[in-house]
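One letter stands for each residue in the lines below.
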Amino acid sequence: AADKGHARATTMLADCYRQGKGVEQDTERAIKLYVAAARRGDSTVVANFTPLADQQADVFACRLLSECYSSGAGVAVDKAKAQAYADKAAQAGDPKCLLTMALTHYNNGRRAEAFPYFERGALAGNVQAAYFYGLMLYDGDGTAQDRPKGLNYLQQAAEAGHAAACARLGEIFLNGDGMTQNLAKGFELTRQAAEKGNGRAQW
């Protein structure tokens, strides 16, 4: 029924995935299903999760409402509300929202505000957050410069296969910028980044 677009069935299926009833728990799939249900006309989705988000700062509810207000699923598009709910989820430690908030601040030039979000994401093991956290520490961008610590996080991200981290670390080794120059290691890291599609590394 959910596959055929039935709104209430979609909500009930989302309930199953959120609670792990009859299926393996999958919160990401649950959020997508709730958003689909709201878009299909089930007004209970936003109504039921709003008190959880507003009164209890429930991470799942905040994530869901952020998605709904961002895309206009069951409610009018409201980017301010979407960001407020994402921020609330990020404050509660949600990895996806931490990264979303970090990138929002970073891309709008608010580097100092982005830094603590990247830090929390990096400490939680998020590879992309570790890359930005390491980059900002290494360059002293939005925070006090700490090259050894920055290099450590850049290396963690590179070892996890992050293309931009490989490219930046490759440049550092090639140029001997803050460490002993190592052309072989710099070349290898740059090659890895190039093969992953990083344009700067390919150049």
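Before reading further, recall that the structure is shown in the block above.
As the structure is a prediction and not an experimental result, all values here were calculated from the model.

Visitor: Whenever I open this one, the side chain of arginine 168 confuses me. Can you help?
Guide: Relative to the elements of secondary structure, arginine 168 occurs in helix α10 (residues 163–175). In this structure, arginine 168 is in contact with Leu135, Tyr138, Asp139, Leu154 and Asp177, ignoring residues within four places of it in sequence.

Visitor: What is the right way to read unusual backbone geometry from this model?
Guide: Only a minority of non-glycine residues have a phi that is not negative, and only a minority of peptide bonds are not trans. A positive phi angle, close to 55°, is found at alanine 57, a residue other than glycine. Structurally, alanine 57 can be placed in the loop between α3 (44–56) and α4 (59–71).

Visitor: Please explain the pattern of salt bridges as it appears in this structure.
Guide: A pair can form between side chains of opposite charge whenever their charged atoms are brought close. Applying the stated criterion across every chain, the model contains 12 salt bridges. With its nearest N and O atoms 3.5 Å apart, the salt bridge here joins aspartate 42 to arginine 8. Here arginine 8 lies in helix α1 (residues 7–19) and aspartate 42 lies in the loop between α2 (27–39) and α3, a separation of 34 residues in the sequence. Since its relative accessible area comes to 8%, aspartate 42 is described here as buried.

Visitor: It is not clear to me how α1 should be interpreted in this structure. Could you clarify?
Guide: Since the α-helix packs 3.6 residues into each turn, any two residues three or four apart lie on the same face. When the terminal C-alpha atoms of α1 are compared, their 19 Å separation across 13 residues agrees well with the 18 Å that a helix rising 1.5 Å per residue should span. Along its buried surface, α1 packs onto α2 and α3.

Visitor: What is the right way to look at the nonpolar core in this model?
Guide: Grouped together as the largest cluster of nonpolar side chains are 62 residues, with contacts concentrated most on Tyr34, Leu64, Cys68, Phe118 and Leu169. In this structure leucine 169 touches Leu151, Leu154, Gln155, Ala158 and Leu189, once residues within four positions along its chain are discounted.

Visitor: What should I look at first to understand the packing of α3 against α4 in this one?
Guide: The description of two packed helices rests on the angle between their axes and on the distance between the axes. Viewed as axis vectors pointing N to C, α3 and α4 meet at an angle of 130°, and their least axial separation amounts to 8 Å. Taken as axis vectors, α3 and α4 run oblique relative to one another. By crossing handedness, the relation of α3 to α4 is classed as left-handed. Here Val45, Val46, Phe49, Thr50, Leu52 and Ala53 of α3 lie close against α4, whose contacting residues are Phe60, Ala61, Cys62, Leu64, Leu65, Cys68 and Tyr69. Residues belonging to the contact of α3 with α4 are distributed by class as follows: 12 nonpolar, 1 polar and no charged.

Conventions we followed
- Residues numbered from 1 in each chain as written.
- Predicted model: local features only at pLDDT ≥ 70, side-chain atom pairs only at ≥ 80, totals over all residues.
- Heavy atoms only, no water.
- Helix = DSSP H or I, 4+ residues; strand = E, 2+ residues; numbered from the N terminus.
- Contact = heavy atoms within 4.5 Å.
- Salt bridge = Lys/Arg side-chain N within 4 Å of Asp/Glu carboxyl O.
- Buried < 20%, exposed > 50% of the residue type's maximum accessible area, 1.4 Å probe, protein only.
- Expected span 1.5 Å × (residues − 1).
- Core = buried A, V, L, I, M, F, W, Y, C linked by side-chain atoms within 4.5 Å.
- Axes fitted to C-alpha atoms, helices over the stretch in contact; angles between N-to-C directions.
- Parallel < 35°, antiparallel > 145°, perpendicular 65-115°, else oblique.
- Left-handed = near helix turned anticlockwise from the far one by under 90°.
- Nonpolar A, V, L, I, M, F, W, Y, C, P; charged D, E, K, R; others polar.

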